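Results of the structural survey
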Amino acid sequence: MKNQPFFRAYPLNNWNIVTIVGYTLFSVGLLFYYLFANQPKVGILPVYLMFTQLGLYFFQYRAIRNVYVYTFWFMVGIAHLVTAYYIAHDPELYFLCGLPTNTIVMVLLLQILRFASLKLQGKEFVAADKRSFDMFKERKITWTDRLLFFVYFVCWIFGFKFFSVYSAKYLLNPIWLH
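Presented here is a report on the structure given in the accompanying data block. (Residues numbered from 1 in each chain as written. Predicted model: local features only at pLDDT ≥ 70, side-chain atom pairs only at ≥ 80, totals over all residues. Heavy atoms only, no water.)

Overview of the nonpolar core
Applied cut-off: Throughout this description, the term nonpolar core refers to a set of buried Ala, Val, Leu, Ile, Met, Phe, Trp, Tyr and Cys residues connected via side-chain atoms within 4.5 Å. When a residue's accessible area, from a 1.4 Å probe over protein chains only, is under 20% of the maximum for its type it is buried; when over 50% it is exposed; and in between it is partly exposed. For helices the rule is a DSSP run of H or I covering at least 4 residues; for strands it is a run of E covering at least 2, with both sets numbered from the N terminus onward. By definition in these notes, contact holds between two residues if any of their heavy atoms fall within 4.5 Å.
Judged by nonpolar contacts, the single largest core of 36 residues is most densely connected at Leu45, Leu56, Tyr57, Trp73, Leu110, Phe125 and Tyr152. Counting residues per element, the ones that place at least two in this core are helix 1 (14–36), helix 2 (45–60), helix 3 (67–88), helix 4 (98–121) and helix 5 (143–172). Looking at this core element by element, the count peaks at seven residues for helix 3. In contact with leucine 56, not counting residues within four places along its chain, are Phe51, Tyr61, Ile64, Trp73, Val107, Leu110 and Tyr152.

Here is the structure:
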């Protein structure tokens with residue numbers, strides 16, 4: 001572990017391909033729904049955004065070690081920032097613009113937690129839950145893993161609150177225009 005670089009590039013496995021293609025197709029479908037449907041626009045958007053951010057932790061914590069997968073999720077975070085800008089200008093969705101803003105922060109936080117796990121315990125970051133092993137049966141969960149989960153979850157909740165308050169304000173009137 002000590003001799004390996006922090007970011008490693010290796011071929012995508014089936015799980016990576018399924019999640020990237022599936023997420024992309026679902027996102028494009030949702031985009032077309034919001035652009036062309038004549039129904040209320042709120043619908044599934046909050047669930048989609050929250051599942052993305054929690055899904056990163058629970059289902060992509062291992063995959064995000066690959067620089068290619070990390071780059072994909074970082075681009076998703078940027079796409080969510082662009083989305084936040086557009087929904088801040090939509091009266092029906094204005095109150096949701098903090099949700100997509102939080103995605104890129106959570107993607108970056110995963111790497112910070114991964115770095116912390118490597119420094120604190122010399123082991124790769126895994127998702128903690130109530131079982132004694134992580135989801136992929138990679139290794140046994142430690143108290144540090146539970147602490148890092150707590151940090152991720154608190155930042156996720158705090159991010160919603162923080163970005164919900166400030167995102168719309170600054171997306172509608174950017175700081176550089178003041």
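A few points about the side chain of asparagine 66
In this fold, asparagine 66 is placed in the loop between helix 2 and helix 3. Among residues more than four places away in sequence, those in contact with asparagine 66 are Arg8, Ala9, Tyr10, Pro11 and Leu12.

Details of the environment of phenylalanine 153
Among the structural elements, phenylalanine 153 can be located in helix 5. Each C-alpha atom of the pair phenylalanine 153 and glutamine 53 lies 10.0 Å from the other, and the pair is 100 residues apart in sequence.

Some remarks on the pattern of salt bridges
When charged atoms on two side chains of opposite charge get close, those side chains can pair. To keep things clear, this is the line we draw: In what follows, salt bridge is the name for a side-chain nitrogen of Lys or Arg lying within 4 Å of a carboxyl oxygen of Asp or Glu.
Within this structure, the stated rule accounts for three salt bridges. Close ionic contact of arginine 8 with glutamate 124 constitutes a salt bridge, the shortest N to O distance being 3.4 Å. On the criterion of sequence distance, the pair formed by arginine 8 in the segment before helix 1 and glutamate 124 in the loop between helix 4 and helix 5 is long-range, its members being 116 residues apart. For the residue pair arginine 8 and glutamate 124, the accessibility class agrees, reading buried in each case. Linking arginine 65 and glutamate 124 is a salt bridge whose minimum nitrogen-to-oxygen distance equals 3.4 Å. Highlighted residues: arginine 65 in the loop between helix 2 and helix 3 and glutamate 124 in the loop between helix 4 and helix 5, separated in sequence by 59 residues. Note on accessibility: arginine 65 and glutamate 124 belong to one class, buried. Through salt bridges that share partners, Arg8, Arg65, Arg114 and Glu124 make up one connected network.

Focus: the packing of aromatic side chains
This is how it is decided: Pairing of aromatic rings covers Phe, Tyr and the six-membered ring of Trp, with a centre-to-centre limit of 6.5 Å; geometry is then stacked below 30 degrees between planes, edge-to-face above 60, and tilted otherwise.
Within the structure shown, the criterion is met by 16 aromatic pairs. Ring centres of tyrosine 23 and tyrosine 48 lie 5.6 Å apart, and the angle between their planes is 15°; this geometry places the pair in the stacked category. Pair noted here: tyrosine 23 is in helix 1 and tyrosine 48 is in helix 2, with a separation of 25 residues, a long-range link. Residue tyrosine 23 shares its accessibility class with tyrosine 48, and that shared class is buried. Judged by centre distance (5.7 Å) and plane angle (70°), the rings of tyrosine 57 and phenylalanine 125 are edge-to-face. Of this pair, tyrosine 57 sits in helix 2 while phenylalanine 125 sits in the loop between helix 4 and helix 5; the two residues are 68 residues apart in sequence, bridging distant segments of the chain. For the pair formed by tyrosine 57 and phenylalanine 125, the shared burial category is buried.

Concerning the environment of methionine 50
When you line up the elements, methionine 50 lands in helix 2. Sequence spacing of methionine 50 and asparagine 102 is 52 residues, and the spatial spacing of their C-alpha atoms is 9.3 Å.

A few points about helix 2
Going by this rule: Fitting one axis to the seven residues ending at a residue and another to the seven starting there, the bend at that residue is the angle between the two axes.
Its axis deflected by about 35° at leucine 54, helix 2 carries its strongest bend there. Every buried residue of helix 2 is listed here: Leu45, Pro46, Tyr48, Leu49, Thr52, Gln53, Gly55, Leu56, Tyr57 and Gln60.

Here we look at a nonpolar patch on the surface
Keep this limit in mind: Patch members must show over 30% relative accessible area and no salt bridge, and they are joined within 9 Å when carrying like charges or within 5 Å when they are nonpolar side chains of Val, Leu, Ile, Met, Phe, Trp or Tyr. For the area figures, the Shrake-Rupley method with a 1.4 Å probe applies, and any residue is considered shielded solely by the protein chains shown.
Where nonpolar side chains cluster on the molecular surface, the patch consists of Trp143, Leu147, Phe150, Val154, Phe158 and Phe162 and spans about 670 Å² of accessible area. Of note, phenylalanine 162 is situated in helix 5.

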